[in-house]
Amino acid sequence: MTAMIELANAEKTFTMHLQGGVELPVVRGVSFHVEPGECVVLSGPSGAGKSSILKMIFGNYRCDSGRIGIRHQGKVVDLATAEPRQVLSIRRSTIGYVSQFLRAVPRVATIDVVAEPLIVNGVAREEARERAGRLLRRLNIPERLWTLPPSTFSGGEQQRVNIARGFISDLPILLLDEPTASLDAANRAVVVELIAEKKTKGVAMVAIVHDDEIRHLIADRIVDVTSFAAAA
Amino acid sequence: MSELANFDDDQPLLVAEGLGKNYGRLAACRDVSFALYPGEVLAIVGESGSGKSTLLQLLSAQLAPRAGRVSYRMRDGVLRDLAELGEAERRFLFRTDWGFVHQDPAQGLRMGVSAGANVGERLMAVGWNHYGRIRDTASTWLDRVEIDIGRIDDAPKTYSGGMRQRLQIARNLVTEPRLVFMDEPTGGLDVSVQARLLDLMRNLVGELGLAAIVVTHDLAVARLLSHRVMVMKGGRVIETGLTDQVLDDPREPYTQLLVSSILPP
């Protein structure tokens, strides 16, 4: 395959043992692919399973059956059956995930939170910090905040720190879970720009966005998740 | 956790195969098998009595298994059965290549001698004999675990609980071990002290590329420190996988119960 991501009949059901073993089907028959440089937007109402699909592609939720092919270091790895060590390796060098909320690490300065994904991949600390600073400036985080841990920031500031952390790396796949949810117009425009730049670098992206205008600006293709609805 | 170790190394550091241990008729640990790789942090979670502390003692050669075996890759690259090691090799593991962080710092420290001596002792055990160098290295380590150098000559019995635990970590890491065992390392500490200790451990493990096996009943500790988790119940491993996968998408009834019992912050 030339695709960076290729899902084939992926399926997910939650079994709630504490509620008498109730089966909660989430999605079935999920099949789509994402080419390099392409942004695929998942659409569908709340509860249709968009976030679950994103989490399955990140290996955060397990895939019950089917296949999630990921192009990783020149080879295709099936994430649905990969060993934990492979999933970690894929997350380090292939797939980035920008969630809505920052899982704040206590006591770490904002600039270092943003620079960390580069440092983990062997970029020198000074260079990583410089790139982190550039991104934070673009996202309108004032320099006086850079040395503080982001845990005390407002929701919108935390989300921008999270976006900077997600976009700083040179990973070939990015998963975006409502990256513009609590941002003002100026910062939404910056995120749209960042996504366009990633496309020119050949990054494959899967995004969830509720804002119609943003969706229109970033989507190369829309995949309607309601067709994967598993509820009987 | 966000800090990822290097997983390109394909040779496991420690291998457990079919481990079992009984106390009388009680099976404390049954048929446990797994491989731990360099730089990987594994959390063993479960309630009191689930067998996790027994397993830690089996893995660290403090208890002999009734069934199965534990193998460890020595620094020469050869994987060796722990039960067949000679006394010198065992001593090398305990004094140099392994660390063991106890829940109660009094078990891992000498409470009556100075902090500097507590750290320096591990170096002297591996042949260091230059007082100035030992003291310098001990000072560096106290600084890394955020203990004021001005307290280097005080005994840990004068330290707070959090400081004792940080001193125990310095004592263990000074010989640059490749594997550290931790038994409820944050148990018995105040929440704010726990957060500081966890952050410190997370950074040290990442910087030093240590492999670690952490026994904890606290899922927040597992989430922050570990790459992979094993859930134990009744002496068996009932679920295992990536830490965020097991905690966000738990499959077994018991794991779902553990995860759902956490109070939201």
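Residues numbered from 1 in each chain as written. Chains lettered and ligands numbered in written order. Predicted model: local features only at pLDDT ≥ 70, side-chain atom pairs only at ≥ 80, totals over all residues.

A word on the overall build of chain B
Broken down by element type, chain B carries 10 helices and 10 strands. A compact globule built from 265 residues should have a C-alpha radius of gyration of about 18 Å, and chain B, at 18 Å, falls within 12% of that. Looking at chain B as a whole, 45% of its 265 residues qualify as buried. Taking as baseline every contact in chain B between residues at least 6 positions apart, the subset at least 24 positions apart corresponds to 67%. (Helix = DSSP H or I, 4+ residues; strand = E, 2+ residues; numbered from the N terminus. Rg over C-alpha atoms; globule rule 2.2 N^0.38 Å. Buried ≥ 20, exposed ≤ 12 C-beta atoms within 10 Å, placed from the backbone. Contact = placed C-beta atoms within 7 Å.)

A short note on the overall build of chain A
Scanning chain A for helices and strands turns up 7 helices and 9 strands. Radius of gyration (C-alpha) of chain A: 18 Å, near the 17 Å computed for a compact globule of 232 residues. With respect to the principal axes defined by its C-alpha atoms, chain A has extents near 55 × 40 × 35 Å. Long-range contacts, defined here as pairs at least 24 residues apart, represent 72% of the contacts in chain A between residues at least 6 apart.

Considering the sheet that holds strand β8 (residues 211–216) of chain B
Residues and elements named next belong to chain B. Across the sheet, 6 strands lie side by side as β6-β7-β8-β3-β9-β10; this open sheet has mixed pairing. With partners counted over all chains shown, the strands left at the sheet margins are β6 (98–101) and β10 (236–242), one partner each. Pairs of neighbouring strands in the sheet enclose a mean axial angle of 15°, with direction left out of account. Across 4 bridges, strand β3 (residues 41–45) lies against strand β9 (residues 228–233) in parallel orientation. Residue pairing in the sheet places Ala43 in a bridge with Val229 of β9. The strands that helix α6 (residues 161–173) touches are β6 and β7 (179–183); relative to β6, the one it contacts most, it runs at about 170°. (Pairing = 2+ DSSP bridges. Axes fitted to C-alpha atoms, helices over the stretch in contact; angles between N-to-C directions.)

Comments concerning the environment of Asp104 of chain B
Residues and elements named next belong to chain B. Looking at the element boundaries, Asp104 is found in the loop between β6 and α3 (105–108). By the C-beta count within 10 Å, which is 15 here, Asp104 ends up partly exposed. Once the C-alpha coordinates of Asp104 and Gly187 are considered, the two residues, 83 residues apart in sequence, prove to be 8.3 Å apart.

Quick notes on the interface of chain A and chain B
Interfaces are often sized by the accessible area lost when the parts come together. Taken together, the 17 residues of chain A in the interface contact 19 residues of chain B. Where the side of chain A that touches chain B is concerned, the elements lending two or more residues are α2 (84–93) and α3 (110–120) of chain A.

A short note on the nonpolar core
In terms of nonpolar packing, the biggest core is built from 135 residues, with Val114 and Ala164 of chain A together with Ile44 of chain B touching the most fellow members. What Ile44 of chain B contacts, discounting residues up to four positions off in sequence, is Lys52, Leu55, Leu56, Ile213, Val215, Met230 and Met232 of chain B. (Core = buried A, V, L, I, M, F, W, Y, C linked by C-beta atoms within 7 Å.)

Digging into the sheet that holds strand β3 (residues 39–43) of chain A
Residue and element names in this part refer to chain A. Judged by pairing direction, the sheet is parallel, and its 5 strands sit side by side in the order β6-β7-β8-β3-β9 without closing on themselves. Edge positions in the sheet fall to β6 (95–98) and β9 (221–224), since each of these pairs with one other strand and no more. Direction aside, the axes of adjacent strands within the sheet are offset by 20° on average. Where β6 lies against strand β7 (residues 173–177), 4 bridges are found, and the strand directions are parallel. When the bridges of β7 are listed, Val98 appears paired with Leu176.

Quick word on the confidence of the model for chain B
All names here are of chain B. Across chain B, pLDDT averages 90, with 95% of residues at or above 70. A low-confidence stretch, residues 1–8 stays under pLDDT 50, and its non-local contacts, those more than four residues away or across chains, total 24 contacts. Predicted complex metrics record ipTM = 0.90 and pTM = 0.91. (pLDDT = per-residue confidence, 0-100.)

Concerning the packing of α6 of chain B against helix α7 (residues 191–208) of chain B
All names here are of chain B. Direction vectors running N to C along α6 and α7 enclose 15°, while the axes themselves pass 10 Å from each other. Comparing the axis directions of α6 and α7 gives the class roughly parallel. Between α6 and α7 lies a crossing of right-handed hand. Mapping the contact onto sequence places Gly161, Gly162, Gln165, Arg166, Ile169 and Leu173 in α6 and Val193, Arg196, Leu197, Leu200, Met201, Leu204 and Leu208 in α7. A breakdown of the residues in the contact of α6 with α7 according to their chemical character gives 8 nonpolar, 3 polar and 2 charged. (Parallel < 35°, antiparallel > 145°, perpendicular 65-115°, else oblique. Left-handed = near helix turned anticlockwise from the far one by under 90°. Nonpolar A, V, L, I, M, F, W, Y, C, P; charged D, E, K, R; others polar.)

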